[in-house]
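# Architecture at a glance
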Amino acid sequence: MTSRSRERSRENIHRTLQNAMTVRQLIERLEDLDQDAPVLFACNYGDYHNTMQTLTIDDVDEMQSTDIAESAYSHSGLALIDDNEDAGFYCPVCESERTTATCPKCNCRCVTEDGLPVEADDDDEVFMVVVIR
Ligand SMILES: [Zn+2]
């Protein structure tokens, strides 16, 4: 992936994330609801009939915005980086695919597919993202 297409990709991701509900907004909405009711997550299955599948929530993770990447295989257009084959970079410490030169989790330099160190890219704006699984 070229740096220009990587930049465009990050802009698309940021635009989508700006429309997402924040933790504060979610807590406000949940406060008035039955606190003992089971919670389901509903999402479009992406099939011809736009079936809405429901999923139980098993965990909540705090991640970095750079852990989210565009994915043509995802119905939403976004995917967690571990599932992204186009990441381009690889962190040798946490052994994860990355879109940034510096791993946001380990803060160490990533390598290319050829195992060469990637030049630092300080342009990436990184912020927290909460992922409900
Ligand atoms: Zn790492």
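Residues numbered from 1 in each chain as written. Predicted model: local features only at pLDDT ≥ 70, side-chain atom pairs only at ≥ 80, totals over all residues. Heavy atoms only, no water.

Looking now at the overall build of the chain. The secondary structure content of the chain amounts to two helices and eight strands. The principal-axis extents of the C-alpha atoms in the chain amount to approximately 50 × 35 × 25 Å. Across the 133 residues in the chain, those meeting the buried criterion constitute 26%. Look at the contacts in the chain between residues 6 or more apart in sequence, and 41% of them connect residues 24 or more apart. Put simply, the chain shows about 9,900 Å² of open surface, and 48% of that area lies on carbon and sulfur atoms. Charge-centre separation for the chain: the mean point of 11 positive side chains lies 6 Å from the mean point of 28 negative side chains. (Helix = DSSP H or I, 4+ residues; strand = E, 2+ residues; numbered from the N terminus. Buried < 20%, exposed > 50% of the residue type's maximum accessible area, 1.4 Å probe, protein only. Contact = heavy atoms within 4.5 Å. Areas by Shrake-Rupley, 256 points an atom, 1.4 Å probe, with all protein chains shown as cover. Lys, Arg positive; Asp, Glu negative; His and termini not counted. Charge placed at Lys NZ, Arg CZ, Asp CG, Glu CD.)

A few words on the coordination of the zinc ion. Ligation of the zinc ion by protein atoms is provided by Cys 91 (SG), Cys 94 (SG), Cys 103 (SG) and Cys 106 (SG), these donors lying 2.2 to 2.4 Å from the ion. Given four donor atoms and angles of 104 to 118° at the metal, the environment of the zinc ion is assigned as tetrahedral. In the primary structure, the donors to the zinc ion are separated according to the pattern C-x2-C-x8-C-x2-C. On the accessibility criterion, Cys 94 (28% relative accessible area) is partly exposed. With a relative accessible area of 0%, Cys 103 lands in the buried category. (Donors = N, O, S within 2.8 Å, 3.2 Å for Na, K, Ca; no water. Tetrahedral: all angles 85-135°; square planar, octahedral: opposite > 155°, others 65-115°.)

Moving on, we get to the nonpolar core. In this structure, Phe 89, Cys 91, Ala 101, Cys 103, Cys 108, Cys 110 and Val 118 together form the largest nonpolar core, which totals seven residues. Those residues within four positions of Val 118 in sequence are excluded, and the remaining contacts are Phe 89, Ala 101, Arg 109, Cys 110, Val 111 and Thr 112. In terms of nonpolar packing, the next biggest core, distinct from the first, is built from six residues, Met 63, Ile 68, Leu 78 and Val 129 among them. (Core = buried A, V, L, I, M, F, W, Y, C linked by side-chain atoms within 4.5 Å.)

Before going further, it helps to spend a moment on unusual backbone geometry. Although it is not a glycine, Asn 50 adopts a positive phi angle of roughly 50°. Within the secondary structure, Asn 50 is located in the loop between strand 1 (40–44) and strand 2 (52–56). Even without glycine at this site, Glu 95 takes up a positive phi of about 55°. With respect to the helices and strands, the residue Glu 95 is situated in the loop between strand 6 (89–91) and strand 7 (96–98).

A few words on the environment of Leu 17. With respect to the secondary-structure elements, Leu 17 resides in helix 1 (residues 3–18). Each C-alpha atom, one on Leu 17 and one on Val 129, is 8.6 Å from the other, the two residues being 112 residues apart in sequence.

What follows deals with the side chain of Ser 65. Position of Ser 65 among the secondary structure elements: in the loop between strand 3 (60–64) and strand 4 (68–70). Residue classification places Ser 65 among the buried positions, given a relative accessible area of 0%. Sequence-distant contacts of Ser 65, that is, excluding residues within four places in its chain, are made with Arg 10, Leu 17, Glu 125, Val 126, Phe 127 and Val 129.

This brings us to the environment of Ala 79. Of note, Ala 79 is situated in strand 5 (residues 78–80). For Ala 79, a relative accessible area of 15% gives the class buried. Between the alpha carbons of Ala 79 and Asp 67 there is a distance of 8.5 Å; along the sequence they are 12 residues apart.

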